[in-house]
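Overview (structure and organization)
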Amino acid sequence: MGGRRKRAHGVAAVSVDLDEVPCYAAIHGLAGSTDPAVRGALESSRQAIYERALPRLVRLFEEEGLRATFFVIGRDVSSPGNAERLRALVHAGHELGNHTFQHLYDFSRGSAAEIEADIADAHAAIADATGFAPHGFRAPGYTLSDLVVEKLVKLGYRYDSSVFPCPAYYGAKGLAMGAMRARGRVSRSVLDDPRVLLAPADPYRVARPYRRRGRGLLELPIGVTRGVAGRLPYIGTSLVLAGALGARALSRAMAGRPLINLELHGIDLADAEADGLEWLAPHQPDLRVPLATKEAALRAAIREVRAMGYPWVRLDDAADELASRS
Ligand SMILES: [Zn+2]
C-alpha cells in the first residue's frame, strides 16, 4: 500500500446503459422518418454503439483499472456479434444488468403481464447468451413504478438503479418534449411523476410508493450532486458537456455520498463523424463534442473520485456493501 490514502466512507460505481442507435432515433422522433437520407443513415449506423463506442469504453475502463456494470437491452443480444461482445465483458470481470427486452419508454406504464415479460425476456436473453444471470435492473427513461419493483422482487433481483431525483434533468426533458410536440415530431419519452424529485438521493430500501424509504428492494439512485449547487446530474452527458475541468468540479460535489453512482450511456464515447452518426448530432448535443474531449472528461471524473478515497466497484458489489450496512 502506498502510504496513507484518504479513505471515504463510501464506494463509487460506473454503469453504462447500452442503448443502441434506434433508441435515440425514437427519442428524437426520427424513427419513422420518411426522409430517405435519414432512413439510410439510421440503417447503416444501427449497431454503432456496440460496434464502435463499446470497445472505447472497455479500453478506458481497462486503462483506469475499473470494472463496470453494463445494462443490456434484451432485443440487442441477438444482433450480429453482440453475444460474443457481451461474453467478452463478462470475461473481463464486468457485470451485466437488465435494461428490459424492448426498451419501451412507457415501459413502467404497461400491464403487470407486459412488465413481467419485458424483464423476464431480457433476463433469459442475457443469461442464455452469456451465462451471466443479471441481478440488477435499470428502467428505460428512469421511470419506475411500484409494479416494476414488485416484479423485480418476484424475479429475485437484488437491486434496482432507476430513480433519478434530478430537477434539472426533469425540467430539460419536459421542455424538450414540449418543443418536439410544437414541431410536430412525436417523442416516445414519458415524464415520470414529479414526486420522484423528492425521492432520496442516496441508496435506500423502497416502500410503497417506491419514492419513499421502507424495507423492500434496494434502490441505488442515479448520481446527483450535493451542496449549494443543488441536485445537478452526475451522469455521462453532463460530464462530457462540462469538459475535464467541469467534470472534476462535479465529481467533488459528490463528496460525502455513500454511493457515487455514475451513469453513462454507450453514446458518451461515440464519434459522430467516424461512427456515421452525423445525422443524429443536430439532436444530440454531446455528439457535437469531440471524442477526445469526452474521453478526457470521463477520465478526469474517474481519477478525481478515486483521489477522493472512493474505490470503483461494480454496482452489484456496491449493493452488497450497502445492504450489509443497512
Ligand atoms: Zn436506456
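Data block above holds the structure.
Read on for an overview of the structure. (Residues numbered from 1 in each chain as written. Predicted model: local features only at pLDDT ≥ 70, side-chain atom pairs only at ≥ 80, totals over all residues. Heavy atoms only, no water.)

Our next topic: the coordination of the zinc ion. Within the first shell, the zinc ion binds the protein through Asp19 (OD), Asp19 (OD), His99 (NE2) and His103 (NE2), at distances of 2.1 to 2.4 Å. Of note is the zinc ion, whose 4 donor atoms meet at the metal with angles of 56 to 141 degrees in an arrangement that counts as irregular. Mapped onto the sequence, the residues coordinating the zinc ion show the spacing D-x79-H-x3-H. Taken as a pair, Asp19 in the loop between β1 (11-17) and α1 (21-27) and His103 in the loop between β3 (95-98) and α5 (112-130) lie far apart in primary sequence, 84 residues in all. Of the two residues, Asp19 and His103, neither departs from the other in class, the shared state being buried. (Donors = N, O, S within 2.8 Å, 3.2 Å for Na, K, Ca; no water. Tetrahedral: all angles 85-135°; square planar, octahedral: opposite > 155°, others 65-115°. Helix = DSSP H or I, 4+ residues; strand = E, 2+ residues; numbered from the N terminus. Buried < 20%, exposed > 50% of the residue type's maximum accessible area, 1.4 Å probe, protein only.)

When the terminal C-alpha atoms of helix α9 (residues 291-307) are compared, their 24 Å separation across 17 residues agrees well with the 24 Å that a helix rising 1.5 Å per residue should span. Where α9 is buried, its residues contact β1, α3 (48-64), α8 (236-252), β8 (259-265) and β9 (312-313). (Expected span 1.5 Å × (residues − 1). Contact = heavy atoms within 4.5 Å.)

Our next topic: unusual backbone geometry. The omega angle of the peptide bond from Arg208 to Pro209 is -5 degrees, so this bond is cis rather than trans. The phi dihedral of Thr100 falls on the positive side, at around 70 degrees, and the residue is not glycine. On the secondary structure map, Thr100 appears in the loop between β3 and α5. In the Ramachandran plot, His103 falls in the positive-phi region, its phi being about 55 degrees despite a non-glycine side chain.

Nothing here speaks to function; it is all geometry.
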